[in-house]
Amino acid sequence: MQPNEISVTRFEVEDIARYLRATLNQASRIRANAPAGSYLDSVLGRTIEGLELELAQLKFLLADPEFPISSKEDQRVTRMRRAM
């Protein structure tokens, strides 16, 4: 592990994503009650965009397998079907 790397588990990433979704929902509720075009509306709009970006990145990280493929799955042979 490099000096600037942080070791986190899949469960910790899921907890962070759950927290960000709750924060996103709260920001959306507050923005719905803010006057259109106000400073609060614009700040919350940027905040919501940032939260959505972070959630997309975490979703990408969770889709990436954390552990290598087991040797049993690696031995599986993929064959094409016969041509007609």
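What counts, and at which threshold
- Residues numbered from 1 in each chain as written.
- Predicted model: local features only at pLDDT ≥ 70, side-chain atom pairs only at ≥ 80, totals over all residues.
- Heavy atoms only, no water.
- Helix = DSSP H or I, 4+ residues; strand = E, 2+ residues; numbered from the N terminus.
- Buried < 20%, exposed > 50% of the residue type's maximum accessible area, 1.4 Å probe, protein only.
- Contact = heavy atoms within 4.5 Å.
- Core = buried A, V, L, I, M, F, W, Y, C linked by side-chain atoms within 4.5 Å.
- Polar contact = N/O pair within 3.5 Å; in protein donor to acceptor, adjacent residues only side chain to side chain.
- Salt bridge = Lys/Arg side-chain N within 4 Å of Asp/Glu carboxyl O.

J.: Honestly, the overall build of the protein chain in this entry has me stumped. Any pointers?
T.: Summing up its helical and strand segments, the protein chain has three helices and zero strands in all. Along the protein chain, helices and strands appear, N-terminal first, in the series α-α-α. Split into buried and exposed, the 84 residues of the protein chain put 18% on the buried side. For the protein chain, long-range pairs separated by at least 24 residues make up 64% of all intrachain contacts whose partners lie at least 6 apart in sequence.

J.: So what exactly am I meant to see when it comes to the nonpolar core here?
T.: The nonpolar side chains of a soluble globular protein tend to be buried with one another. The biggest cluster of nonpolar side chains holds eleven residues, and these are V13, A17, L20, L24, A27, L44, I48, L51, L55, L58 and L62. For this core, the secondary structure elements donating two or more residues are α1 (10-33) and α2 (39-63). With six residues, α2 is the single largest residue contributor to this core.

J.: Would you mind showing me how to read the environment of E12 here?
T.: With respect to the secondary-structure elements, E12 resides in helix α1. A distance of 2.9 Å separates a polar atom in the side chain of E12 from the backbone nitrogen of T9.

J.: Looking at this model, I keep getting lost on the side chain of D41. Mind explaining?
T.: One can find D41 in helix α2. The class of D41 is buried, set by a relative accessible area of 15%. The contact partners of D41, leaving out residues within four places of it in the chain, are R31, A34, P35 and A36.

J.: Just checking my understanding: could you explain the pattern of salt bridges for this structure?
T.: Two side chains carrying opposite charge are able to pair once their charged atoms lie near each other. This structure, assessed with the given rule, holds three salt bridges. The shortest N-O distance in the salt bridge between E14 and R10 comes to 3.8 Å. Of this pair, E14 and R10 both sit in helix α1, four residues apart, which is roughly one turn of the helix. In this structure E14 comes out as partly exposed when scored by relative accessible area, which is 27%. We note a salt bridge from D15 to R18, for which the minimum N-O separation is 2.7 Å. Pair noted here: D15 and R18 are both in helix α1, with a separation of three residues, about one helical turn.

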